[in-house]
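Overview (structure and organization)
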Amino acid sequence: MDGVLFDSMPNHAYAWSHAMTQFGLEMTAYEAYLHEGRTGSGTINILAQRYWGRDATEEEIERIYAAKSEVFNACPEAKPMPGALEALTAAKELDCMIVLVTGSAQASLLQRLEEHYPGFFSEELMVTGFDVKRGKPDPEPYLMGLQKAGVKAEEAIVVENAPLGVESAKGAGIFTIAANTGPLEDHILKDAGADVVVPGMKEVAMLLKSMQK
């Protein structure tokens, strides 16, 4: 979702880095990319342990995440990621079953996907933050994606952009293409286990089109 289908990570990184300061916590925008895909409470507790020496309480997590969400919602709406539509089209032409695996728990998720990518996604082939107990980097989200698709790991390909997402996919035993759509160095995605690292979604589309020959 974020960083693959929509160019929304700059907004998330800005929101994390600006909202945390009012609580005596500090996170750079760059670090936000390293934690992409982690649950909100998990990210907050990393900072709480660093600066407070303890986990945040449920009340603190709620307040901090509400502040982050307020900054994020004030940002301009993220545009579709360049190359994502071409990649989805190429996947469909290969007769691939398209499954969305995201940590997002937005209620309007399906509506937004249908608006920008009509006909590619269905609710029954979607794993969201509402569905899993353990988010990325745990393999549970992608294992659930395999189960919903009714395929084995060796029959699937994952497209990810975040190191924690790559770890999750590789933990599920799936071949993983990393589209480096953010500021992280390629080696961070490679070190997380990515089988292939490309500069963006346009290159993912080119890879998928080459499989048609």
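Check the entry above for the structure.
A brief structural summary. Small disclaimer: the values here were computed from a predicted structure and weren't measured.

Moving on, we come to the packing of aromatic side chains. According to the stated counting rule, one finds two aromatic pairs in the structure shown. Considering the side-chain rings of Phe6 and Tyr117, the 5.7 Å spacing of their centres and the 65° angle between planes classify their relative orientation as edge-to-face. In this pair, Phe6 is assigned in the segment before helix 1 (9-19) and Tyr117 in the loop between helix 6 (109-116) and strand 2 (126-127), connecting sequence segments 111 residues apart. This pair shows no difference in class: Phe6 is buried, exactly as Tyr117 is. The ring of Phe72 carries the charged tip of Lys68 above its face, separated from the ring centre by 5.0 Å.

Once that is clear, we can look at empty space enclosed by the protein. Applying the stated criterion across every chain, the model contains one cavity of 30 Å³ or more. Considering only enclosed or pocket space, the largest cavity measures out at about 70 Å³ in volume. In terms of lining residues, the largest cavity is bounded by 13 residues, among which Tyr33, Glu36, Asn161, Thr181 and Gly182 are the most central.

This next bit is on helix 7 (residues 140-149). With seven of its ten residues buried, helix 7 lies for the most part within the structure. Buried residues of helix 7: Glu140, Pro141, Tyr142, Met144, Gly145, Leu146 and Ala149, and no others. Among the structural elements, strand 1 (100-101), strand 2, strand 3 (157-160) and helix 8 (163-171) are those in contact with the buried residues of helix 7. Looking one or two residues beyond helix 7, the residue adopting positive phi is Gly150, at roughly 70°.

Turning our attention to helix 5 (residues 84-93). Those residues of helix 5 that fall on the buried side of the exposure criterion are Ala84, Ala87, Leu88, Ala90 and Ala91. One face of helix 5 carries all of its buried residues, which in axial projection span an arc of 160°. Summarising the contacts, the buried residues of helix 5 are in contact with helix 10 (201-210). The positive-phi residue at the C-terminal boundary of helix 5 is Asp95, with phi of around 60°.

What follows covers a nonpolar patch on the surface. Together, Ile157, Phe175 and Met211 make up an exposed nonpolar region whose accessible area comes to about 270 Å². Residue placement: Ile157 occurs in strand 3.

At a closest axis distance of 8 Å, the pairing of helix 1 and helix 4 (residues 58-74) adopts a crossing angle of 130°. In terms of axis orientation, helix 1 runs oblique to helix 4. For the pair helix 1 and helix 4, the sense of crossing is right-handed. Facing helix 1, whose interface residues are Asn11, His12, Tyr14, Ala15, Trp16 and Ala19, helix 4 presents Tyr65, Ala67, Lys68, Val71 and Phe72.

Rules and cut-offs
Residues numbered from 1 in each chain as written. Predicted model: local features only at pLDDT ≥ 70, side-chain atom pairs only at ≥ 80, totals over all residues. Heavy atoms only, no water. Phe/Tyr/Trp six-rings, centres within 6.5 Å; stacked < 30°, edge-to-face > 60°. Helix = DSSP H or I, 4+ residues; strand = E, 2+ residues; numbered from the N terminus. Buried < 20%, exposed > 50% of the residue type's maximum accessible area, 1.4 Å probe, protein only. Lys NZ or Arg CZ within 6 Å of the ring centre and 35° of its normal. 1 Å grid on protein atoms, 1.4 Å probe; cavity = no way out; pocket = protein on both sides within 12 Å on 5 of 7 lines; lining within 4 Å. Points joined across faces, edges and corners; volume = space filled by probe spheres on them. Contact = heavy atoms within 4.5 Å. Arc of directions from axis to C-beta. Patch = residues over 30% accessible without salt bridge, like charges linked within 9 Å, V, L, I, M, F, W, Y side chains within 5 Å. Areas by Shrake-Rupley, 256 points an atom, 1.4 Å probe, with all protein chains shown as cover. Salt bridge = Lys/Arg side-chain N within 4 Å of Asp/Glu carboxyl O. Axes fitted to C-alpha atoms, helices over the stretch in contact; angles between N-to-C directions. Parallel < 35°, antiparallel > 145°, perpendicular 65-115°, else oblique. Left-handed = near helix turned anticlockwise from the far one by under 90°.

Bear in mind that shape data such as this cannot, by itself, settle questions of function.
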